[in-house]
Every structure is written in structure tokens, then in C-alpha cells.
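If you want the building blocks of each chain, they are given just below.
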Amino acid sequence: MSGLVIAIDGPAASGKGTLARRLAEYFNLPHLDTGLLYRATACALLDEGLPLDDEEAATAAARGLSLTDFDDARLRSREMGEAASVVAALPQVRAELVDLQRRFAAREEGAVLDGRDIGTVICPGARVKIFVTATPETRAQRRALELARRGEEVDYPTILADVKRRDERDSARAVAPLKPAADAVTLDTSDLDIEAAFRAAVAIVEKARG
Ligand code: DC
């Protein structure tokens, strides 16, 4: 039997990254945060002084990525999340990144991937699909705390506006928009702390495994 593939999707700052990391630890599976692929692509363009909508350059940057490039705190910044959301709307960039993600998911032991289109496009056959959501206000509060912990002081209204803009951009794009797969289980974490959300996610995985 092939390995356990867990697909976690959801909007910015929904908590999907933390949940994916914890599930990977718990089930002893490798984890790929696919947002980093788009962040690293955007970062390459910014470093070269190129516009984020230069599809040819962005596709070349995406092609040149390797999974070892991602150990960079700069990729996790607010600026890079915004920039990633712009390059992620370019169809050729998405097409370029499909194989790398599918190869990761095809490991014998299985894998946990988190992103926006894992359950719908990258791993439609995943045994477990979880769509993690929370209200924009909750997500903005969490993001503000997380950025403050990393020394990036940003006021709450700016972050809330960011979260809403990224929701709109990620959901409205023509290719692989953010949406739950038909067979995904939705996990709303608005009223859950991380431990409760984690327990709920483990229960979803256990149930799906049968
Ligand atoms: O999950 P994140 O905040 O690191 O993602 C950054 C941006 O990358 C996000 O706004 C949309 C894009 N993205 C995507 O389009 N598809 C994915 N599978 C992951 C991220």
C-alpha cells in the first residue's frame, strides 16, 4: 500500500502550517510547506530587481529551486507572503512547480503537504484532506503575534487588510484557486487553540485512515 499522504489547505494565517508540521511529527512523515516554493520564487525576482509579474523570469526562477533553498527567515516575512501571492497567480509558475510537489508526495512513506491547492490539484488522490479555516480577524491577530515574536512590528489593521487582500487574490485567480476539495474535511480553528486544533486534526486523519 502506498504511504499516507495528508493534504492541508487553507487561507493565509489559518494555522495550517503549524498543524501540518505537528501532524508530520506525530505521524513521522516528511513535510513540505509549499508556500515556501512561491515565496522563494518571488524572492529570486525581487533580488534581481525584476517585476513580480514577469512570468518568464518567474518560471525560470521556479525551475531553478531546490528543496534545500528554504532555510531563510526572510522568506517568512510579510513582504514575501504578499509577493508570493502575486507570482502564485502566474499559470506557468504553478505548472513549473507541480512535479516537484508531486515527487515529494510520492515518497514511499507518504508525506504531509500544506498550501492552497494540494487537495484539489497537486494530490487529488490524497487519503486525507483537511481544509483549515478561521475568520479573517482571528487570522490577523495570530499573524500579528507571530510577526511581533519575530521582531517585525506591524499594526493590526494593516495585517487584517493584508489577510483580506491575499484571500481575495488567492481565491479569485484563474488557475488553482484557493478552495476546499469536494472530499476535504473543513476544520475551523477560530475558537480552537493550537492544541485543540491539533487534536481535531489527528482525529480527522485517524478517521480517514479507517
Ligand atoms: O502559505 P503561505 O502564506 O506561505 O503562501 C504564500 C502565498 O503563496 C499565498 O498567498 C498563495 C501562494 N500559494 C499558492 O498559491 N499555492 C500553494 N500551494 C501555496 C502557496
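You'll find the structure just up there.
Every chain's residues receive numbers from 1 upward, in the order its sequence appears when written. Confidence filtering applies because this is a predicted model: local features only for residues at pLDDT of at least 70, side-chain atom pairs given and counted only at 80 or more, and all residues used for totals across whole chains, interfaces and linings. Think of the side-chain values as coming from all heavy atoms in the structure, minus any hydrogens and water.

(A) Seen up close, the overall build of the protein. Per the convention used, a helix needs a DSSP run of H or I reaching at least four residues, while a strand needs a run of E reaching at least two, with both numbered from the N terminus. Counting secondary structure elements, the protein contains nine helices and five strands. For the protein, the α and β elements follow one another from N to C terminus as β-α-β-α-α-α-α-β-α-β-α-α-β-α. Relative to a compact globule of 210 residues, whose C-alpha radius of gyration would be 17 Å, the protein shows 16 Å and is just as compact. Along the longest, intermediate and shortest principal axes, the C-alpha atoms of the protein span 50 × 35 × 30 Å. Accessibility here uses a 1.4 Å probe with only protein chains present; expressed as a share of the type maximum, an area under 20% marks a residue as buried, one over 50% as exposed, and anything in between as partly exposed. Across the 210 residues of the protein, 51% fall into the buried class. When checking whether two residues touch, look at their non-hydrogen atoms; a contact exists if any pair is within 4.5 Å. Put simply, 80% of the contacts in the protein that link residues at least 6 apart link residues at least 24 apart. A radius of gyration in this sense is built from C-alpha atoms; the matching globule rule multiplies 2.2 Å by the number of residues raised to 0.38.

(B) Inspection of helix 5 (residues 91–105) at higher detail. For helix 5, built from 15 residues, the straight-helix expectation of 21 Å at 1.5 Å per residue is met to within 8% by its first-to-last C-alpha distance of 21 Å. Maximal helix bending in helix 5 amounts to about 30°, located at Val98. Along helix 5, the residues that are buried comprise Val93, Arg94, Leu97, Val98, Leu100, Gln101, Phe104 and Ala105. Expected helix span is taken as 1.5 Å per residue step, with the number of steps being one fewer than the number of residues. The angle between axes fitted to the seven residues ending at a residue and the seven residues starting there is what we call the bend at that residue.

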